[in-house]
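# Architecture and fold: a report
As a plain string of letters, each chain reads:
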Amino acid sequence: MLLTAQQTKRYEQDGFLVLENFVDVDDCERLRTRATELVREFDPRGVISIFSTHEQTRTSDEYFLESGDKIRFFFEENALLNDGRLRQGKEQSINKIGHALHDLDATFSQFSRTPQIEGLVRELGINQPLLVQSMYIFKQPHIGGEVNCHQDATFLYTEPLRLVGLWFALEDATIENGCLWAIPGGHKLGLKSRFVRAEGGGTRFEEFDSTPWPEDKLEALEVKQGTLIVLHPLLPHLSHENRSSRSRHAYTLHIIDAGAQYPRENWLQRSPQMPLRGF
Ligand SMILES: O=C(O)CCC(=O)C(=O)O
């Protein structure tokens with residue numbers, strides 16, 4: 001058993017779990033180095049043209065909607081100037097890489113598929129695990145954007161709900177550089193919305209409950225490099241902007257259960273040629 005009875009109880013009570021030193025510092029650094037290489041190999045011109053054409057909404061929607069089985073690069077909101085040029089180098093402009101790093105890149109696959117991670121998700125009740133989504137989040141110095149308060153099940157819904165979110169700190173995360181914040185026990189408030197593919201193309205939110213989050217109850221989760229934060233699919237969490245001079249790299253992995261139904265209207269879909277895989 002990886003989790004103590006007390007930790008399992010904490011997860012049920014709070015909706016999250018902070019596991020210090022879950023990953024070796026060397027493994028965190030290996031992932032950081034690989035992400036740097038991917039960015040170096042990435043030619044931003046193609047993506048800039050997508051985000052600066054007249055048909056911006058449609059083409060950027062497609063770039064995003066097709067990323068479920070690809071490695072794609074997304075810019076920080078303020079990275080582009082009006083004339084379509086980058087305000088600063090691509091290395092300082094990328095918000096995140098997603099969403100199939102864990103299947104398409106050997107270093108990310110190795111990091112994501114360890115007996116320790118598999119054991120953990122099984123202990124959390126995921127009996128037939130499938131790795132559905134991965135993201136490398138840069139939270140760049142000075143321009144790192146905020147992530148609004150949300151539940152992961154809004155974006156990765158299954159019926160019944162069988163999802164676990166894993167957030168790995170690849171650098172120390174503090175209030176200054178935009179650490180995660182969560183509402184302890186907030187996973188008991190129910191699912192507020194779903195983010196789905198719209199019938200005519202693009203995406204939309206389907207809202208079930210419009211009451212605002214009790215954001216006064218948010219707790220900062222300041223953690224050291226190598227810490228894993230386990231997130232319940234209904235836990236409300238967010239991160240603020242990074243205005244500091246230090247980056248806050250993190251890697252997230254989401255795992256569903258093959259025994260649950262993954263709806264066709266979920267935004268993230270795979271082509272039949274690339275089915276989801278387990279460990
Ligand atoms: O890393 C962050 O800033 C937020 C990530 C997050 O909330 C998520 O992946 O669901």
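How each quantity is defined
Residues numbered from 1 in each chain as written. Predicted model: local features only at pLDDT ≥ 70, side-chain atom pairs only at ≥ 80, totals over all residues. Heavy atoms only, no water. Core = buried A, V, L, I, M, F, W, Y, C linked by side-chain atoms within 4.5 Å. Buried < 20%, exposed > 50% of the residue type's maximum accessible area, 1.4 Å probe, protein only. Contact = heavy atoms within 4.5 Å. 1 Å grid on protein atoms, 1.4 Å probe; cavity = no way out; pocket = protein on both sides within 12 Å on 5 of 7 lines; lining within 4 Å. Points joined across faces, edges and corners; volume = space filled by probe spheres on them. Helix = DSSP H or I, 4+ residues; strand = E, 2+ residues; numbered from the N terminus. Nonpolar A, V, L, I, M, F, W, Y, C, P; charged D, E, K, R; others polar. Pairing = 2+ DSSP bridges. Axes fitted to C-alpha atoms, helices over the stretch in contact; angles between N-to-C directions. Near = heavy atom within 4 Å. Polar contact = N/O pair within 3.5 Å; in protein donor to acceptor, adjacent residues only side chain to side chain. Areas by Shrake-Rupley, 256 points an atom, 1.4 Å probe, with all protein chains shown as cover.

## Quick look at the nonpolar core
Core analysis: the biggest nonpolar cluster contains 42 residues, and Leu120, Val164, Leu166, Phe168, Val230, Tyr251 and Ile255 have the highest contact counts within it. Excluding anything up to four places from it in sequence, Leu166 contacts Ile117, Leu120, Val121, Leu228, Ile229, Val230, Tyr251, Thr252, Leu253 and Ile255. If you look at the next biggest cluster of nonpolar residues, it comprises 19 residues, including Leu180, Ile183, Leu218 and Val223.

## A few points about the layout of surface pockets
In this approach a probe as big as a water molecule rolls over the atoms, and the regions it shows empty are the leftover space. Approximately 240 Å³ is the volume attributed to the second largest pocket. Contributing elements (two or more residues each) for the lining of the second largest pocket: helix 1 (5-14) and strand 6 (163-169). Here the lining of the second largest pocket gets three residues from one element, more than from any other, and that element is helix 1. Partitioned by chemical class, the residues of the lining of the second largest pocket number eight nonpolar, three polar and three charged.

## Remarks on the sheet that holds strand 7 (residues 180-182)
The four strands are arranged 5-12-7-10 in an open sheet whose pairing can be described as antiparallel. On the outer flanks of this sheet lie strand 5 (147-150) and strand 10 (219-221), each paired with one strand and no other. The mean inter-strand angle of the sheet, taken between neighbouring strand axes irrespective of direction, is 25°. Pairing geometry for strand 5 and strand 12 (residues 237-239), over two bridges, is antiparallel. Note that in strand 12 the partner of Val147 across the bridge is Ser239.

## Focus: the site of the ligand
Surrounding the ligand, one finds Met135, Ile137, Lys139, Val147, His150, Asp152, Trp167, Leu180, His237, Ser239, Arg248 and Thr252. With respect to the ligand, the side chain of His150 contributes an N or O atom lying 2.9 Å from an oxygen atom. One of the side-chain nitrogen or oxygen atoms of Ser239 is found 2.6 Å away from an oxygen atom of the ligand. Protein chains bury 95% of the 290 Å² of accessible surface belonging to the ligand in isolation. Contributing elements (two or more residues each) for the shell around the ligand: strand 4 (129-137), strand 5 and strand 12. Grouping the amino acids of the shell around the ligand by side-chain chemistry returns five nonpolar, four polar and three charged.

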